[in-house]
Amino acid sequence: REEAFPTPPQRFIRLERVADNKFELQTAVASYRLPAPPGADGKEATVDIVSLVHLADPRYYREIQQFADSSHDRVLYELIADASLVSSDAAGRRRLSEHLLPAPDQSILAKHHGLLPQLDGMTFEGEKWFLADLDRESIMALKEARGESSEPSLLSAMA
């Protein structure tokens, strides 16, 4: 969906029945066209927000990787990692300094269902890929400042 300052989609993820006993979990790509900033020679910018899931069919990750690599000048992605695994360039742009592996529980769950963990299905490397998330230590410090527990729990994940 493309328009200037659009209303965001109602849902970025949905479960669709594709056959009698078959469903697909589908994710959205929301495209936003932004007016040209001053000095941009009248060229408007388009920002695509791509919803991702942590476990999926390998084809899903291949298609998203291809979409990001072939259609975009820059790719900003969310990923919580330890600060020691992140490097910054002179402009302050952050990248992973090494390839990450999925958590063992994600790998087991994915294998059990014939799926692939996101960290095995995509590469977040390359000149135009930049980390746009806080590091784990910053998140923990913010949670502590708010008086929140740093221990993950099922109840807090459902909130």
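Below is a summary of the structure that appears in this document. (Residues numbered from 1 in each chain as written. Predicted model: local features only at pLDDT ≥ 70, side-chain atom pairs only at ≥ 80, totals over all residues. Heavy atoms only, no water.)

Now for the layout of surface pockets. In this structure, the second largest pocket occupies an estimated 520 Å³ of space. In this structure, the second largest pocket is lined by 13 residues; those nearest its centre are E24, L25, A56, D57 and Y60. Sorting the residues of the lining of the second largest pocket by element identifies β2 (22–27), β5 (55–56) and α1 (58–71) as the ones contributing at least two each. Of the residues in the lining of the second largest pocket, the class split is 7 nonpolar, 1 polar and 5 charged. (1 Å grid on protein atoms, 1.4 Å probe; cavity = no way out; pocket = protein on both sides within 12 Å on 5 of 7 lines; lining within 4 Å. Points joined across faces, edges and corners; volume = space filled by probe spheres on them. Helix = DSSP H or I, 4+ residues; strand = E, 2+ residues; numbered from the N terminus. Nonpolar A, V, L, I, M, F, W, Y, C, P; charged D, E, K, R; others polar.)

Turning next to the environment of R14. Relative to the helices and strands, R14 is located in strand β1 (residues 13–19). Residue class for R14 comes out partly exposed when judged on its relative accessible area of 39%. A sequence separation of 10 residues divides R14 from E24, and the C-alpha atoms of the two residues are 8.2 Å apart. Residues in contact with R14, not counting those within four places in the same chain, are E24, L25 and Q26. (Buried < 20%, exposed > 50% of the residue type's maximum accessible area, 1.4 Å probe, protein only. Contact = heavy atoms within 4.5 Å.)

Here the structure, examined in full by the defined rule, presents 6 salt bridges. E44 serves as the salt-bridge partner of R33, at 3.5 Å between the closest nitrogen and oxygen. Within this pair, whereas R33 is found in strand β3 (residues 29–34), its partner E44 is found in the loop between β3 and β4 (45–50), the two being separated by 11 residues in sequence. Overall, the relative accessible area of 34% leaves R33 in the partly exposed class. The salt bridge involving D89 is made with R93; its shortest N-O contact spans 2.8 Å. Given the relative accessible area of 42%, R93 is considered partly exposed. (Salt bridge = Lys/Arg side-chain N within 4 Å of Asp/Glu carboxyl O.)

Next up on the list: the packing of aromatic side chains. In the structure shown here, the tally under the stated rule is 4 aromatic pairs. Taken together, a centroid distance of 4.7 Å and an interplanar angle of 35° make the contact between Y77 and F124 tilted. With a gap of 47 residues between them, Y77 in strand β6 (residues 75–77) and F124 in the loop between α3 (118–121) and β10 (129–131) connect regions that are remote in the sequence. For the pair shown, Y77 and F124 are each scored as buried. Look at F124 and W129: their rings are 5.7 Å apart centre to centre, the planes differ by 80°, and that puts the pair in the edge-to-face class. (Phe/Tyr/Trp six-rings, centres within 6.5 Å; stacked < 30°, edge-to-face > 60°.)

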